[in-house]
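Each chain is listed here by its residues.
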Amino acid sequence: MVTTASDGRATWTYVHAFVQAPVLSALAVDPDPGDARGIFVTIEQVTATRATVRVWQSTGVLLGGQTAVPVGSGVKVHVTASGQPT
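Description of the structure in this document.

Each value, and the rule that gives it
Residues numbered from 1 in each chain as written. Predicted model: local features only at pLDDT ≥ 70, side-chain atom pairs only at ≥ 80, totals over all residues. Heavy atoms only, no water. Core = buried A, V, L, I, M, F, W, Y, C linked by side-chain atoms within 4.5 Å. Buried < 20%, exposed > 50% of the residue type's maximum accessible area, 1.4 Å probe, protein only. Helix = DSSP H or I, 4+ residues; strand = E, 2+ residues; numbered from the N terminus. Contact = heavy atoms within 4.5 Å. Salt bridge = Lys/Arg side-chain N within 4 Å of Asp/Glu carboxyl O.

It is worth spelling out the nonpolar core at this point. With 13 residues, the main nonpolar core has Leu24, Ala28, Val55 and Val77 as its most contacted residues. Secondary structure elements with two or more residues in this core: β3 (23-28), β5 (50-58) and β7 (76-82). Per-element accounting of this core gives the leading share, three residues, to β5. When near neighbours in sequence (up to four residues on either side) are disregarded, Val77 contacts Met1, Val2, Thr4, Ala26, Leu27, Ala28, Val41, Val53 and Val55.

One pass over the full model with this rule turns up four salt bridges. With a shortest N-O distance of 2.6 Å, Asp35 and Arg37 are connected by a salt bridge. The partly exposed category is assigned to Arg37, whose relative accessible area is 31%. Among the ionic pairs, Glu44 bridges to Arg54, the shortest N-O distance being 4.0 Å. Highlighted residues: Glu44 in strand β4 (residues 39-46) and Arg54 in strand β5, separated in sequence by ten residues. Among the charged side chains, a salt-bridge network with shared partners connects Asp7, Arg9, Glu44 and Arg54.

Structure representation (structure tokens):
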């Protein structure tokens, strides 16, 4: 598990490198499940040694449309990588 920085990004450096960039999966833990706005993760970079993800939060239709902003710091993200290790 990794935690986001103030820009909503989190970087995971794998314990062991992969032969090539692995297949990545990421799931953010909603910090406020009672909030109607959704959160989602985008995968920004995947290499053989690390991955960077970014978590976004919908601003919602009531706030002017379906746009999104980075969630900020402290959001936990579960990340898994599948591939051939070196």
